[in-house]
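Structural features, examined
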Amino acid sequence: MAEEAHSQVIDQVVQEALDKACMTEEDLTAVAVTIGPGLSLCLRVGVQKARQIAGSFNLPIIGIHHMEAHALVARLTDKDLQFPFIALLISGGHNLLILARDLGQYVQLGTTIDDAIGEAYDKTAKWLGLDMRRSGGPAIEELAKEGNAKSVNFSVPMKQHKDCNFSYAGLKTQVRLAIKSKKIDAKNPISSASMEDRLARADIAAAFQRIAVLHLEERCERAIQWALKMEPSIRHLVISGGVASNQYVRSRLDMVVKKNGLKLVCPPPRLCTDNGVMVAWTGIEHFRMGRYDPPPPAEEPEDFVYDLRPRWPLGEEYAEGRSEARSIRRARLHPSLTSIIQALSQQ
């Protein structure tokens, strides 16, 4: 279904982007396209279209890592942001803490071992019967303002693990049990809830948000210490990804960053959620360094195998951050972007 939805709109979306920029394909210098990580069926739709344009107009093509694009878009909007810097990438599918040493050179400080924070926000919003039209994050953030964050006692995930990895599956279970104990019925939307029921939902939303973000704060605090040991010249921490547009998340992380003498950099909300600008910008960064593939043939054979990387790490894991819990999930991983670029530079 996702692949079909992509296929139905890809031509129209590309045409709209060109029209809004008052350009045609003949004005382009190169084509950048996400090749991973993600659902391979959906990635294929974008890669196919990109190669078709690049082949028809004899343009170089640049394969982009989706999470690198989230990290680098901040360099488009903040000209002071130089390497090295730390980036926290938080979305519906990913939680990732990286040290960006240089373009294409990343150290993974921490990652999700189960569910990402955005997924936890969405599920909590759904269970609380909130309006999901804008996704769960904004709905929870809005309702949490009415609640008492200390009224429900949720425990902080992975408190005993002294690393920078994330886990939200346990917090989701705690939320579900709290909702059950308060007899909240998600089928009854919050717009129809009684005053008492609304307050109970607001308390859970506030308590969930406090603990979910506290988990981010603790991990960022440790990541800053680890990163400064490797690169003492770091001055910035970037937060990007869909959840980075949450104002509560920004304000809490700003406190952590300032306490450690760094500056928080957040792209504008429209560039935090998935967007084409971040992919184009990352393409420009690599193109300037001469990292691109030659134009593909105008007509590709039916059985052509596309370079898709559904499970593609951004960087090598920091030794202290290696999680045993994740070792069983490493099968069929593509070599990391960092290791590929290092290998190319040694040729």
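Residues numbered from 1 in each chain as written. Predicted model: local features only at pLDDT ≥ 70, side-chain atom pairs only at ≥ 80, totals over all residues. Heavy atoms only, no water.

Our working rule: UniProt positions are given in the numbering used here, feature names are shortened, and annotations may be inferred rather than shown by experiment.
Going by what an unreviewed UniProt entry lists, the chain is known as Glycoprotease 1 and is assigned to Stylosanthes scabra. In UniProt, the chain has this text filed under Subunit (unreviewed entry): "Homodimer." Database annotation for the chain, UniProt heading Subcellular location (unreviewed entry): "Mitochondrion".

Details of the pattern of salt bridges
As a working rule, side chains carrying opposite charge can pair if their charged atoms are close by. Our working rule: Any Lys or Arg side-chain nitrogen located within 4 Å of an Asp or Glu carboxyl oxygen qualifies as a salt bridge. Numbering of helices and strands runs from the N terminus; a helix is a DSSP stretch of H or I covering at least four residues, while a strand is a stretch of E covering at least two. Exposed residues in this analysis have more than 50% of their type's maximum accessible area, buried residues have under 20%, and partly exposed residues fall in between, with area computed by a 1.4 Å probe over protein chains only.
This model, assessed by the stated rule, comprises 18 salt bridges. For K172, the salt bridge identified is with E119, shortest N-O distance 2.8 Å. Taken together, the positions of K172 in helix α6 (residues 169–181) and E119 in helix α4 (residues 117–127) put the pair 53 residues apart, joining distant regions of the chain. For K172, a relative accessible area of 10% gives the class buried. Look at E119 and you get partly exposed, because its relative accessible area is 22%. Connected via shared salt-bridge partners are D115, E119, K123 and K172.

A short note on the pairing of strand β1 (residues 31–36)
Threshold: In short, DSSP must find at least two bridges between two strands for them to pair. With strands facing away from the observer, any crossover in which the path from the first strand over the helix to the second runs clockwise is taken as right-handed.
Within β1, five of the six residues are buried, which leaves the element mostly enclosed by the surrounding structure. As paired elements, β1 and strand β2 (residues 61–65) share five bridges and run parallel to each other. Looking at the pairing, T34 lines up with I64 of β2. With helix α2 (residues 40–56) bridging β1 and its parallel neighbour β2, the resulting β-α-β unit is right-handed.

Observations concerning helix α8 (residues 247–259)
An α-helical segment advances 3.6 residues per turn. Residues three or four places apart therefore align on the same side. For clarity, the threshold we go by: What a helix is expected to span follows from its residue count: subtract one and scale by 1.5 Å. This arc is built from the directions going out from the helix axis to the C-beta atoms. Contact criterion: two residues are considered in contact whenever any of their non-hydrogen atoms come within 4.5 Å of each other. Think of a polar contact as two N or O atoms within 3.5 Å of one another; within protein, one of them needs to be a possible hydrogen donor and the other a possible acceptor, and neighboring residues in sequence only count if both atoms come from side chains.
Look at α8: 19 Å from first C-alpha to last across 13 residues, which is about the 18 Å you get at 1.5 Å a residue. Of the residues making up α8, those classed as buried are V249, R250, L253, V256 and V257. One side of α8 holds all its buried residues, which, seen down the axis, span an arc of 130 degrees. More than 90 degrees from the buried face of α8, the exposed residues found are M255, K258 and K259. If you follow the buried residues of α8, they end up packed against β3 (85–90), α4, α7 (195–230), β6 (236–240), β7 (263–265) and α9 (269–272). In this structure N246 caps α8, since a side-chain oxygen of it lies 2.8 Å from the backbone nitrogen of Y248. G261, located one to two residues past α8, shows a positive phi value of around 75 degrees.

Considerations on the sheet that holds strand β4 (residues 95–102)
Applicable threshold: Helix axes are fitted only over the stretch in contact, all axes being lines through C-alpha atoms; the angle between N-to-C directions runs from 0 to 180 degrees.
Strand order in this open sheet of six strands is β7-β6-β3-β4-β5-β8, and the pairing throughout is mixed. Two strands in the sheet have a free side with no partner beyond their single neighbour: β7 and β8 (316–317). Strands β3, β4, β5 (105–111) and β6 of the sheet are contacted by α7, whose axis makes an angle of about 20 degrees with β4. Helix α11 (residues 337–345) rests against β5 and β8 of the sheet, and its axis sits at about 160 degrees to β5.

Topic: α11
L337, T338 and I341 are the residues of α11 that are buried. The buried residues of α11 occupy an angular sector of 100 degrees when projected down its axis, which confines them to one face. Check the buried side of α11 and you find it contacts β2, α3 (66–77), β5 and α10 (276–288).

A look at the packing of aromatic side chains
For the record, the criterion: Pairing of aromatic rings covers Phe, Tyr and the six-membered ring of Trp, with a centre-to-centre limit of 6.5 Å; geometry is then stacked below 30 degrees between planes, edge-to-face above 60, and tilted otherwise. Charge-over-ring placement is defined geometrically: NZ (Lys) or CZ (Arg) within 6 Å of the ring centre, and within 35 degrees of the ring normal.
In total, this model carries five aromatic pairs according to the counting rule given. Between F83 and F85, the aromatic rings sit 5.3 Å apart at their centres with planes inclined by 25 degrees, giving stacked as the arrangement. Measuring from ring centre to ring centre gives 5.0 Å for W226 and Y318, while their planes differ by 55 degrees; the resulting arrangement is tilted. Here W226, found in helix α7, pairs with Y318, found in the loop between β8 and α11; they are 92 residues apart in sequence, far enough to count as distant. In this structure, W226 and Y318 share a single accessibility class: buried. Geometry around W312 places R309 over its ring, the cationic atom sitting 4.6 Å from the centre.

A few points about the UniProt feature "domain: Gcp-like" (unreviewed entry) in the chain
Sites flagged by UniProt as "domain: Gcp-like" (unreviewed entry) map to residues 2–281. Helix makes up 50% of residues 2–281 and strand 14%, with an end-to-end C-alpha separation of 25 Å.

A short note on unusual backbone geometry
Cis geometry marks the peptide bond from G36 to P37; its omega dihedral reads -15 degrees. Inspection of the secondary structure assignment puts P37 in the loop between β1 and α2. Look at the link from F83 to P84: it is a cis peptide, with omega at -5 degrees. Mapped onto the elements, P84 comes out in the loop between α3 and β3. Non-glycine residue M158 carries a positive phi angle of around 55 degrees. You can see M158 is positioned in the loop between α5 (136–144) and α6.

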